[in-house]
Each structure stands twice: as C-alpha cells, then as structure tokens.
Amino acid sequence: MKIRSLLVALCLLVSAAAFAAGNANLQPIAGNWTCTGIAFAGDMGPEHPTKATVHTAWILDDKWLRVDYKESKTTKNAHPIAAELLMTYNEAEKKIASGCIDNMGGYCTEEAPGWDGDKLVLSGQGNFGGHSMKVRDTFTKGAGWVKHMGEAEGANGNWMKISEETCKK
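Please read all numbers here as calculations on a predicted model, not as lab measurements. (Residues numbered from 1 in each chain as written. Predicted model: local features only at pLDDT ≥ 70, side-chain atom pairs only at ≥ 80, totals over all residues. Heavy atoms only, no water.)

**Student:** Describe in detail the overall build of the chain, supporting the description with residues and values.
**Tutor:** Across its full length, the chain carries 1 helix and 10 strands. Taking all 169 residues of the chain together, the buried fraction comes to 33%. Partitioning the intrachain contacts of the chain with sequence separation of at least 6 by distance along the chain shows that 32% fall at a separation of at least 24. Carbon and sulfur atoms provide 59% of the accessible area of the chain, an area that totals close to 10200 Å². (Helix = DSSP H or I, 4+ residues; strand = E, 2+ residues; numbered from the N terminus. Buried < 20%, exposed > 50% of the residue type's maximum accessible area, 1.4 Å probe, protein only. Contact = heavy atoms within 4.5 Å. Areas by Shrake-Rupley, 256 points an atom, 1.4 Å probe, with all protein chains shown as cover.)

What follows is the structure in structure tokens.
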C-alpha cells in the first residue's frame, strides 16, 4: 500500500511538473480586453460588426487559463456570441491545448506548438450549428493588443473567415 501511494504521489508530481503555472506561452492572451471586429456573412447570418469583452483568469492551481468572451447585443448583432475557452501549455509535449464551448451549443478542441514570433495558430476540430468541421484560430500579438481571426474549412476544402477582431487592454 505504501508503494502504491508513493507511485501515485510520484505520478502526480511528474504530471504537475509537465504543466507550467501561468505559462509564458499563454501570458499574451491573459488579461481583460475590449474587442471590436466583424463577423463575416455565412450560415450564421449576414455580415455585421461586433463588440465584445474578454476576461481571463488562471484556474486550477494556475495550470489553465479560462477565457470568457462575450459580444454585446446591438441592432446589427441580435444574437451575440458568448464563449468560454480553457487553455493550457503542456511542457512535456511543447504545445498549447485549448477547448471551447459557446452559447449556441457549439464546441471545439484545438492545439498549437506555441507562438511563432508574434503569431499563434490553433487548429483542430469544431462542431457548430450541428456541423463538424476543421477550425483554425490565429492570434497576432502586439504591445497592448491582440488580433484574432477565426476560420473554418468549408465542404469544398477551402478555408473561410468567420470573424476578425482586434482586442485592446
């Protein structure tokens, strides 16, 4: 029994060491943001401007970054998106892992090897509006701002822009 307890403790320590608390790979996204942008025309409706707030918090012993995104309702955006992302950096595999859910029942899982200079490209699988598709989120960072572009792969294999926005602290 003592050996089993020791092995469990050792596994937990090794697992905890593989994830860096408040990792620098996620730090550029952390904080509170005000975003303006555009949702492009598609299955979800006509093209329209967007305004959103983003609040983040380190959770679960600072291993995960929770990102809460909420668009404002306007006359041109009658059905604003609200979404939550959970992100972590796996030191052992040297990659960012992310999962998302939204207020329309959509969800996604994405991964990225980390930042390449000022750019981070998460890619994976999403299910939105009852359709499964490949998804990609590109973040570009600057001093006090982050730009985001969301894309989905269409039935013809071409990537389509879903939204673009610039967020400022």
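From this point, the narrative continues.
**Student:** Before we move on, can you summarise the sheet that holds strand S6 (residues 107-112) with the specific residues and values?
**Tutor:** Strand order in this closed barrel of 10 strands is S1-S2-S3-S4-S5-S6-S7-S8-S9-S10, and the pairing throughout is antiparallel. Ignoring which end each strand starts from, the neighbouring axes of this sheet average 25° apart. As paired elements, strand S7 (residues 119-128) and strand S8 (residues 131-142) share 10 bridges and run antiparallel to each other. What sits directly across from Ser123, in S8, is Arg136. (Pairing = 2+ DSSP bridges. Axes fitted to C-alpha atoms, helices over the stretch in contact; angles between N-to-C directions.)

**Student:** Just give me the short version of the pattern of salt bridges, but keep the residues and values in it.
**Tutor:** On inspection of all chains with the given rule, the structure shows 6 salt bridges. In this structure, Lys94 and Glu91 form a salt bridge, with 3.3 Å as the shortest nitrogen-oxygen distance. Three or more residues joined by partner-sharing salt bridges are found here, namely Glu93, Lys95 and Glu111. (Salt bridge = Lys/Arg side-chain N within 4 Å of Asp/Glu carboxyl O.)

**Student:** I'd like to hear about the packing of aromatic side chains, residue by residue, with values.
**Tutor:** Under the counting rule described, the total for this entry stands at 0 aromatic pairs. One residue, Lys147, lies across the ring of Trp145, its end atom 5.6 Å from the ring centre. (Phe/Tyr/Trp six-rings, centres within 6.5 Å; stacked < 30°, edge-to-face > 60°. Lys NZ or Arg CZ within 6 Å of the ring centre and 35° of its normal.)

**Student:** Quick one: what's the story with the side chain of Ser98, residue by residue and with numbers?
**Tutor:** With respect to the helices, strands and loops of the structure, Ser98 is situated in strand S5 (residues 95-102). For Ser98, the contacting residues outside a window of four places in its chain are Leu85, Leu86, Met87, Cys108, Thr109, Glu110 and Leu122.

**Student:** Explain the nonpolar core to me, using residue names and the numbers behind them.
**Tutor:** Residues Ile29, Val67, Met87, Ile96 and Leu120 are the most contacted members of the largest nonpolar core, which totals 26 residues. If near-sequence neighbours (up to four positions away) are discounted, Ile96 is found in contact with Asn25, Leu26, Met87, Thr88, Tyr89, Glu110, Glu111, Ala112, Gly114, Leu120 and Leu122. (Core = buried A, V, L, I, M, F, W, Y, C linked by side-chain atoms within 4.5 Å.)

**Student:** Can you explain the pairing of S8? Please cite residues and give values.
**Tutor:** Connecting S7 to the antiparallel partner S8 that follows it, the hairpin turn spans 2 residues, and Gly129 within it adopts a positive phi of roughly 60°. Bridge count for S8 against strand S9 (residues 145-153) is 8 bridges, and the pairing is antiparallel. Bridge pairing in S9 links Arg136 to Glu151. Hairpin connection between S8 and S9: a loop of 2 residues separates the two successive antiparallel strands, and Gly144 in this loop has a positive phi of roughly 80°.

**Student:** Explain the confidence of the model for the chain residue by residue, including any values.
**Tutor:** On average, residues of the chain carry a pLDDT of 87, and 87% of them reach 70 or more. Taken as a whole, residues 1-20 scores under 50 in pLDDT and shows 13 contacts with residues more than four places along the chain or in a different chain. (pLDDT = per-residue confidence, 0-100.)

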